[in-house]
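# Observations on the three-dimensional arrangement
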Amino acid sequence: MRSSNVILSVSLVIGNVLGKTCPSYSSYSLSRNSPLSTGAYKLAYQRPSPECRTFNSSLIEDAINRTRDAIYDVDLFRLFENTFPNTLDTAIKWRGVAANNSEEELAFVITGDIDAMWIRDSANQIAPYKTVMKNVTDDIASVFRGTINLQARYLIISPYCNAFQPPPESGIKAEPNGGTYSVSPSYDRSVVFTCNFELDDFGGFLQLSHDYYNATGDLDFFGKFQWISAVQSILSASEAMRKPTYGPDGKWIPPAYSFQSLTLSAAGTLGNNGMGSPVNDTGLVRSPFRPSDDSAMFDFNIPANMMLSRYLDSTSKIMEQLPNAPKGLAREMQVMAAEIREAINKWGIVTGPDGTKMLAYEVDGFGGQNLMDDANIPSLLSAPFLGYLEEGDAVYQSTRAFTLSRKNPWWCEGPYISAVGSPHIRPGAAWPMAAIMRAMTTEDDGEIIIAIKEVLRTTDGYGLIHESVDSFDTSNWTRQWFTWANGLFGQMIMDLLDRKPHILKESFQPFFIDKE
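Scope of this entry: the structure provided in the associated data block.

Strand order in this open sheet of three strands is 5-6-8, and the pairing throughout is antiparallel. A strand with exactly one partner marks an edge of an open sheet, and here the two such strands are strand 5 (117-118) and strand 8 (192-194). For strand 5 and strand 6 (residues 163-164), the ladder comprises two bridges, and the chain directions are antiparallel. Paired with M117 across the strands is F164, a residue of strand 6.

In structure tokens:
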């Protein structure tokens, strides 16, 4: 059993802590809390008091203090100190252990302003803390293990679903989302919050596993609980979702998954009686829903397939070292990873508007291709960040040039921020997350500095990263509490601290300050 200093078998829920009433972060983050930063942007201080934080990590506090001296600009540091710990401060809704195994740590990580645990979001929320984790005894390592274990449980129970209710061990009451759905395979609403099949959930789980192992070398963890079974569940569902619409003889093959919902948005349900558009036999894995939760135009999402291929391959190295892993399972992971990569090369690389070879966002294998990119990760822009390819790759560079231009229908350009947006919101609403990813996928100092300036000037004084911001009006934004984007900004700063520390010595103050 792990040492008691990293296991808490009690609920850690924002509420009455040590006799002090803690405010809901949904309301707290809507205020510009003092003290304001002393720069031109006067950014609010948005961290809860220590006793109201959902997880206190000495490693994270040490990292923030070290970075204080590395960042010259006071507003940039304020944004970092607010955002980097935001998931730990606000979103570790509960930590404990499994009812049937007191050594199996669990962590229920909410997405922020939505009280459910998304597989993809929770993986991305926790991932930035790999930058400070070194050992299995580190305080943050327990959060990684707990998140991976709970994700594994969910992926075994309902691999086609994307968001889940609190585990019974937490004692937190499940709150059904109230939607009207017809989904196959069916699922238990006391366990599942929503059941949109998004392929990047599989990639997110495997990426977080990869990150934990690479940081700690803790091989024993992966063989003790449900990780092996979760990988088997991923492989089984992925194989089922690779099947084409028609067999070799032309006979229709019923899909493994279908989804219909009563909704006002066409992006909230699947056409063709819940089955989505037909697909050909390509070797790619279908993703009827995108990383944004929106329904796909064509089911083969290239970024999600890139992510799955990359992390199936890397985590197969873990699997092949486990003495209790079924024989041949690691090889099965490697074969699928290689087949998906080959299929991306064959079907996902297309001719762009300027005649160069680039990656499509979605394809169907019949010739249908969707040339766009979406801010949500995995994206085409994020391919080097995922480790799928190198930043200098020629196809990636042409894809990047397309993505960061008006040729991309979701490029949102304006005087305050120019970044990729998403049909999840609307045209003209740039996502700061995409500006952050732009900075993390280039070696160009000027491009990085522009992206940081754009993010810094679009928080509307709240000192947190919004989901989207109108490129022409920084007061018109969505979501004040978006832990995924907050963590990604913190990860970018930690990346620059290692990769380009001189950029953090720059001033990011505006030339002109509006004096009222």
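Attention now goes to the state of the cysteines. For the coordinates displayed, the defined rule picks out two disulfides. With its sulfur 2.0 Å from that of its partner, C22 forms a disulfide with C52. Negative torsions about the S-S bond denote left-handed disulfides, and the value of about -80° found for C22 with C52 makes this one left-handed. Of this pair, C22 sits in the loop between strand 2 (20-21) and helix 1 (25-28) while C52 sits in the loop between helix 1 and helix 2 (58-70); the two residues are 30 residues apart in sequence, bridging distant segments of the chain. Pair check on accessibility: C22 and C52 agree, each one buried. The disulfide that involves C161 links it to C195, with 2.0 Å between the sulfurs. Between C161 and C195, the S-S torsion sits near -75°, and that sign places the bridge as left-handed. With a gap of 34 residues between them, C161 in the loop between helix 6 (139-157) and strand 6 and C195 in the loop between strand 8 and helix 7 (200-216) connect regions that are remote in the sequence.

It is generally the case that most residues other than glycine have a negative phi and that most peptide bonds are trans. With an omega dihedral of 0°, the bond running from S34 to P35 counts as a cis peptide bond. Secondary-structure assignment places P35 in the loop between helix 1 and helix 2. Backbone geometry at D293 places phi at a positive 80°, although glycine is not the residue there. Residues other than glycine seldom take positive phi values, yet D460 does so here, at roughly 60°. Secondary-structure assignment places D460 in the loop between helix 16 (445-456) and strand 18 (468-470).

The rules behind each value
- Residues numbered from 1 in each chain as written.
- Predicted model: local features only at pLDDT ≥ 70, side-chain atom pairs only at ≥ 80, totals over all residues.
- Heavy atoms only, no water.
- Pairing = 2+ DSSP bridges.
- Helix = DSSP H or I, 4+ residues; strand = E, 2+ residues; numbered from the N terminus.
- Disulfide = S-S within 2.5 Å.
- Buried < 20%, exposed > 50% of the residue type's maximum accessible area, 1.4 Å probe, protein only.

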